[in-house]
Structures are given as C-alpha cells and as structure tokens.
Amino acid sequence: PPTDSWSQIEGQAWLLQAHGLQTARLEYSLPIVPSITGASLAQCAAGDYTPHGAKLAQNLMRYRLANAVIPPGWEMNGNWFPWSEGVNGNAPGQYVAAWRHVHDIFTSVGATNVSWVWCPKLRPKDEWTRLTGLSHGNSYVDWPDRAGLNWGATATRPRGWPHADQRSAAPH
C-alpha cells in the first residue's frame, strides 16, 4: 500500500469505489503514520492525524467497505517502517497508544464492522522480534496474525526453504 502521504493513506476514491463493487472483503494495510519526515506515533496518539483517519473510515463506509480487514502498522517490531518503536524518535508505548487512537477514530465515525488485525513480523532468532509492549488488548484486536516470509535458498541460507514450523516458532 502507499505510505508516502496522507492522501494516499486516506484511500483514493476510485480504488475504494472499484473494490466496493466486489463481493470479497477488502484488506487495507493501514500505515499508522506516513513515511513523510516528521510524522510520529506520538502525534498520532495525540490526535494530530485524526482528520485523516476519520476520512479513511468515512470513505470505507461510503463505498460499502466498512467490513474491511485492517492491519494498522504491520510489522511494527521491525525497524523498516516509520511506525516502529525506536524509529523516528518513537518511544516504547507509543505504538499501542497510536493503534488505539486509530481504532477509536473508526468507532467514533461509525465504522464498527472493521476487523482489526495485529500482525508482527516473526523471525524467531532475531532480536527485533520481541513483542513485549506491542499488544493492544483483546478489545482492540480481532485477529492476531504474523508475517513470516520464506525467502528460500540464498548464499547466506544454502539449506533452502525452511519448514513452516521453523519460520513460525513462538516469539521470545
């Protein structure tokens, strides 16, 4: 999904309108903050971006997509997205506060049929897979998920495709 600007995150009408004609549920990977310089989890949690979240929720309802599946700020436990704690000055606890604020925006405008998906990146041997402090509680998450990619055989991984059990071991 586009993550560069608020206009991209809010959802282009043409895209949402086209998907609204389909019968499948929309999965809308929602960046909690865009990748523009200066956007932060603290600003999101404080309400600075509320109009953007409200516009997205209203657009989803307008195009009959209010039952969308939304993983906000996926792979939050890595270091490659601007919504990760420890990136862009984001501090511990701010990811959860930002997620809850976005969830509450949707509820406040009546988009209560959205399914919220918590989706950390899991690689059992990496330090950044620690999930302590990143869970929001059952009232804010409908589905837990995990992102675990299998890159196959490479020069650094000559053994090939790891079995699913090896990729999805319990996080630390």
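Above this text is the structure in question.
Scoring rules and cut-offs
- Residues numbered from 1 in each chain as written.
- Predicted model: local features only at pLDDT ≥ 70, side-chain atom pairs only at ≥ 80, totals over all residues.
- Heavy atoms only, no water.
- Helix = DSSP H or I, 4+ residues; strand = E, 2+ residues; numbered from the N terminus.
- Buried < 20%, exposed > 50% of the residue type's maximum accessible area, 1.4 Å probe, protein only.
- Contact = heavy atoms within 4.5 Å.
- Areas by Shrake-Rupley, 256 points an atom, 1.4 Å probe, with all protein chains shown as cover.
- Expected span 1.5 Å × (residues − 1).

**Student:** What exactly am I supposed to notice about the overall build of the protein here?
**Tutor:** The helix and strand inventory of the protein stands at 6 helices and 3 strands. For the protein, the succession of helices and strands along the chain, N to C, is α-α-α-α-β-α-β-β-α. Scored against the burial criterion, the 172 residues of the protein give a buried share of 44%. In the protein, the proportion of contacts linking residues at least 24 apart, taken out of those at least 6 apart, comes to 71%. When the accessible surface of the protein is summed, it comes to about 9300 Å², and 53% of that surface belongs to carbon and sulfur atoms.

**Student:** It is not clear to me how helix 5 (residues 94–108) should be interpreted in this structure. Could you clarify?
**Tutor:** Along an α-helix, residues three or four positions apart point the same way, because every turn accommodates 3.6 residues. Under the 1.5 Å per step criterion, the end-to-end length of helix 5 is 21 Å for 15 residues, consistent within 8% with the ideal 21 Å. Considering only its buried residues, helix 5 is in contact with helix 3 (41–45), helix 4 (50–62), strand 1 (69–70) and strand 2 (115–118). Just beyond helix 5, the residue with positive phi is Gly110, at close to 95°.

**Student:** Is there a simple way to explain the environment of Ala91 in this structure?
**Tutor:** Here Ala91 is to be found in the loop between strand 1 and helix 5. Ala91 sits in the partly exposed class, given a relative accessible area of 28%. C-alpha of Ala91 to C-alpha of Leu41: the two residues are 50 residues apart in sequence and 8.3 Å apart in space.

**Student:** Any chance you could explain the side chain of Ser40 here in plain terms?
**Tutor:** By the secondary structure assignment, Ser40 is in the loop between helix 2 (13–20) and helix 3. Discounting residues that sit within four places of it in the chain, Ser40 has contacts with Val33, Tyr49 and Asn90.

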